[in-house]
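Understanding the architecture of this molecule
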Amino acid sequence: MLTKYRSSYDMDNDKLHGDGSFMGHLPPHGVLGYIIVPCFLLALIWNEGFEAFEILWAFSIYLEAVAILPQLFMLQKTKEGEAFTLLYIFCVGAYRGLYIINWIYRYFTEKHYWQPLVWVSGVVQTLLYADFFYYYWIALRDGAKFQLPG
């Protein structure tokens, strides 16, 4: 995250990072201001127990839910993506969707299975992928190139 790979980095379309760095121009720009700090603050507020391990665990759950945002923002800006990038985004989103099925199963088969922090984060993460899933499915169904509208 601290190194730019110039062969694949597109500064013209990367508006989340401001100048392309970890911090962006000034906070709250960049990944630090828009993703990492809010996730950490949320972890301080909503966690399983106010202990260092629990706060860091909650932080990792929240961060996982929104870590794809820079990629989705770039995809929205360019309106298209490379095949491997699109497949990666689809697989990461599908994995989270399968987790939701697992949580439903566990809720009905295990006594005292209750993890609202994980469930809410997982549903938020899956909803972030909804638009992408729709257009990815349309492209696969029609045998066409992936293209976002606009």
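See the structure above.
Anyway, here's the lowdown on the structure attached to this text.

Reading guide: rules and limits
- Residues numbered from 1 in each chain as written.
- Predicted model: local features only at pLDDT ≥ 70, side-chain atom pairs only at ≥ 80, totals over all residues.
- Heavy atoms only, no water.
- Phe/Tyr/Trp six-rings, centres within 6.5 Å; stacked < 30°, edge-to-face > 60°.
- Helix = DSSP H or I, 4+ residues; strand = E, 2+ residues; numbered from the N terminus.
- Lys NZ or Arg CZ within 6 Å of the ring centre and 35° of its normal.
- Axes fitted to C-alpha atoms, helices over the stretch in contact; angles between N-to-C directions.
- Parallel < 35°, antiparallel > 145°, perpendicular 65-115°, else oblique.
- Left-handed = near helix turned anticlockwise from the far one by under 90°.
- Contact = heavy atoms within 4.5 Å.
- Nonpolar A, V, L, I, M, F, W, Y, C, P; charged D, E, K, R; others polar.
- Core = buried A, V, L, I, M, F, W, Y, C linked by side-chain atoms within 4.5 Å.
- Buried < 20%, exposed > 50% of the residue type's maximum accessible area, 1.4 Å probe, protein only.
- Salt bridge = Lys/Arg side-chain N within 4 Å of Asp/Glu carboxyl O.
- Expected span 1.5 Å × (residues − 1).
- Arc of directions from axis to C-beta.
- Lys, Arg positive; Asp, Glu negative; His and termini not counted.

Here we take up the packing of aromatic side chains. A full pass over the atoms with the stated rule returns 16 aromatic pairs. When the centroid spacing of 5.6 Å and the interplanar angle of 80° are considered together, the rings of phenylalanine 90 and phenylalanine 133 count as edge-to-face. Taken as a pair, phenylalanine 90 in helix α4 (residues 83-109) and phenylalanine 133 in helix α5 (residues 116-142) lie far apart in primary sequence, 43 residues in all. Put simply, the rings of Phe90, Tyr129, Phe132, Phe133, Tyr136 and Phe146 touch in pairs and so form one group of aromatic residues. Above the face of the tyrosine 99 ring, arginine 96 is positioned so that its terminal group lies 4.8 Å from the ring centre.

On to the packing of α4 against α5, then. With their axes 9 Å apart at the nearest point, α4 and α5 run at an angle of 135° to one another. Classified by the angle their axes make, α4 and α5 are oblique. For the pair α4 and α5, the sense of crossing is left-handed. Counting all contacts with α4, which are made through Leu86, Leu87, Ile89, Phe90, Val92, Gly93, Ala94, Arg96, Gly97, Ile100, Trp103 and Tyr107, the residues of α5 involved are Val118, Trp119, Gly122, Val123, Gln125, Thr126, Tyr129, Phe132, Phe133 and Tyr136. By residue class, the composition of the contact of α4 with α5 is 16 nonpolar, 5 polar and 1 charged.

Time to look at the nonpolar core. Counting residues in each nonpolar core, the largest one holds 17 residues, and the members touching the most others are Ala43, Tyr62, Val66 and Leu117. Of all the secondary-structure elements, those providing two or more residues to this core are α1 (30-45), α2 (52-66) and α5. A total of 7 residues in this core trace back to one element, the largest contributor, which is α2. Excluding residues that lie within four positions of it along the chain, tyrosine 62 makes contacts with Cys39, Leu42, Ala43, Trp46, Leu117 and Ser121. The next biggest cluster of nonpolar side chains, apart from the first, holds 12 residues, and it includes Leu72, Leu86, Phe132 and Tyr136.

This paragraph deals with the pattern of salt bridges. Pairing of side chains with opposite charge becomes possible as their charged atoms draw close. Taken as a whole, this structure holds 4 salt bridges when the rule is applied. A salt bridge links lysine 145 to glutamate 80; the nearest nitrogen and oxygen atoms lie 3.2 Å apart. Within this pair, whereas lysine 145 is found in the segment after α5, its partner glutamate 80 is found in the loop between α3 (69-78) and α4, the two being separated by 65 residues in sequence. A residue is classified by how much of its surface remains accessible, and lysine 145, at 58% relative accessible area, is exposed. Residue glutamate 80 is classed as partly exposed on the basis of its relative accessible area of 33%. Across the pair glutamate 110 and arginine 106 runs a salt bridge, and its minimum N-O distance is 3.0 Å. Glutamate 110 sits in the partly exposed class, given a relative accessible area of 35%.

Now for α4. Spanning 27 residues, α4 covers 39 Å between terminal C-alpha atoms, matching the ideal 39 Å at 1.5 Å per step. Turning to α4, its buried residues are Leu86, Ile89, Val92, Gly93, Arg96 and Trp103. Check the buried side of α4 and you find it contacts α2, α3 and α5.

Along α3, the residues classified as buried are Leu69, Leu72 and Leu75. Projection of α3 onto a plane perpendicular to its axis shows the buried side chains occupying an angular sector of 125°, all on one side. Following α3 by one or two positions, lysine 79 has its phi on the positive side, about 70°.

Our next topic: the side chain of glutamate 54. Mapped onto the fold, glutamate 54 is located in helix α2. Here glutamate 54 sits buried without a salt bridge, and the closest side chain of opposite charge, arginine 106, lies 14 Å off (N-O distance). In contact with glutamate 54, not counting residues within four places along its chain, are Asn47, Glu48 and Gly49.

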